[in-house]
Amino acid sequence: MDSLNVEQIASLRATLEQLLTDLRKQVALASPATSTVVLNQSKVGRLSRMDALQQQHMANSTLQQAKKRLTLVQKALGKMSKEDYGYCERCGEVIAFARLQARPEAQLCLKCQSQQEQ
Ligand SMILES: [Zn+2]
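Presented here is an overview of the structure given in this document. (Residues numbered from 1 in each chain as written. Predicted model: local features only at pLDDT ≥ 70, side-chain atom pairs only at ≥ 80, totals over all residues. Heavy atoms only, no water.)

## Side note on the overall build of the chain
As a reminder, the rule being used: Strands are runs of DSSP state E lasting at least 2 residues, helices are runs of H or I lasting at least 4, and numbering of each runs from the N terminus. Relative accessible area decides the class of each residue, using a 1.4 Å probe on protein chains only: under 20% of the type maximum gives buried, over 50% gives exposed, and in between gives partly exposed. Residue contacts are counted whenever heavy atoms from the two residues lie within 4.5 Å of one another.
Scanning the chain for helices and strands turns up 4 helices and 0 strands. Ordered by position in the sequence, the α and β elements of the chain form the string α-α-α-α. Evaluated residue by residue, the chain yields a buried proportion of 26% over its 118 residues. Sequence-distant contacts in the chain: of pairs separated by 6 or more residues, those separated by 24 or more amount to 60%.

Below, the structure written as structure tokens:
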């Protein structure tokens with residue numbers, strides 16, 4: 001497969017930079033919410049306490065996912081600046097442009113990704 005051309009790289013870079021901005025915002029917004037949930041049993045009923053715990057758990061996993069993706073996005077941008085972007089970390093093949101459009105932070109080609117998930 002051909003490696004990415006200049007226009008494709010430029011388009012993916014714009015997507016990555018947008019993602020970087022969005023994810024940073026998401027992490028910044030989520031962080032105080034997850035760290036300051038105070039559960040007071042005397043004031044909050046048992047059911048709403050469980051709700052609060054569940055919400056906290058969900059907010060936490062969303063935050064973890066956003067942080068994880070943020071790291072990958074930063075890594076991808078770093079690779080881009082070294083002109084090392086768009087290659088599978090496992091087999092070294094070029095990652096398809098269509099896949100990168102959907103997931104510009106992808107580190108594996110579709111084949112390696114599906115093998116890893118099995
Ligand atoms: Zn691969």
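## Focus on the coordination of the zinc ion
Spelled out, the test is: In this analysis a donor is any N, O or S atom within 2.8 Å of a metal ion (3.2 Å for sodium, potassium and calcium), and since water is not included, sites may seem incomplete. Square planar and octahedral sites, with four and six donors, are those where opposite donors lie more than 155 degrees apart and all other angles lie between 65 and 115, tetrahedral sites have four donors with every angle between 85 and 135 degrees, and the rest are irregular.
With distances of 2.3 to 2.4 Å, the protein atoms coordinating the zinc ion are C88 (SG), C91 (SG), C109 (SG) and C112 (SG). Relative to the metal, the 4 donor atoms surrounding the zinc ion lie at angles of 105 to 116°, and the coordination shape comes out tetrahedral. When the donor residues of the zinc ion are listed from N- to C-terminus, their spacing reads C-x2-C-x17-C-x2-C. Within this pair, whereas C91 is found in the loop between α2 (46–81) and α3 (97–102), its partner C109 is found in the loop between α3 and α4 (110–117), the two being separated by 18 residues in sequence.

## Notes on the pattern of salt bridges
For clarity, the cut-off: By salt bridge we mean one thing: a side-chain nitrogen of Lys or Arg within 4 Å of a carboxyl oxygen of Asp or Glu.
For the coordinates displayed, the defined rule picks out 4 salt bridges. Close ionic contact of R69 with E105 constitutes a salt bridge, the shortest N to O distance being 2.4 Å. Of the two residues, R69 sits in helix α2 while E105 sits in the loop between α3 and α4, which places them 36 residues apart along the sequence. Note on R69: relative accessible area 26%, which makes it partly exposed. E89 is the salt-bridge partner of K79, the closest N and O atoms lying 2.7 Å from each other. Of this pair, K79 sits in helix α2 while E89 sits in the loop between α2 and α3, and the two are 10 residues apart along the sequence. According to the relative accessible area criterion, K79 is buried, its value standing at 14%. Among the residues examined, E89 registers a relative accessible area of 41% and is labelled partly exposed.

## Things to note about empty space enclosed by the protein
How we decide: Cavity and pocket criteria rest on a 1 Å grid covering protein atoms alone: a 1.4 Å probe that fits but cannot get out defines a cavity, protein on both sides within 12 Å along at least 5 of 7 lines defines an open pocket, and an atom within 4 Å of a point defines a lining residue. Grid points are joined across faces, edges and corners, and a volume is the space filled by probe spheres set on the points. Residues are sorted three ways: Asp, Glu, Lys and Arg are charged, Ala, Val, Leu, Ile, Met, Phe, Trp, Tyr, Cys and Pro are nonpolar, and all the rest, Gly among them, are polar.
Enumeration over the complete set of coordinates arrives at 1 cavity of 30 Å³ or more. Its volume calculated, the largest cavity comes out at about 60 Å³. Around the largest cavity, the lining residues are L72, K75, A76, K79, Y85, G86, Y87, I95, E105, A106 and Q107. A breakdown of the residues in the lining of the largest cavity according to their chemical character gives 6 nonpolar, 2 polar and 3 charged.

## Description of the nonpolar core
Inside soluble globular proteins, nonpolar side chains tend to come together where they are buried. Put simply, the rule is: We call a set of buried residues a nonpolar core when its members are Ala, Val, Leu, Ile, Met, Phe, Trp, Tyr or Cys and they connect through side-chain atoms within 4.5 Å of each other.
If you look at the biggest cluster of nonpolar residues, it comprises 23 residues, and the most contacted ones within it are L16, V73, Y85 and L100. Contributing elements (two or more residues each) for this core: α1 (6–35) and α2. Residues within four places of L16 in sequence aside, it is in contact with V73, A76, L77, M80, Y85, P104 and E105.

## Quick word on the layout of surface pockets
The computed volume of the largest pocket comes to approximately 360 Å³. Where the lining of the largest pocket is concerned, the elements lending two or more residues are α2 and α4. Broken down by class, the residue content of the lining of the largest pocket amounts to 3 nonpolar, 4 polar and 6 charged. The space that makes up the second largest pocket amounts to roughly 160 Å³.

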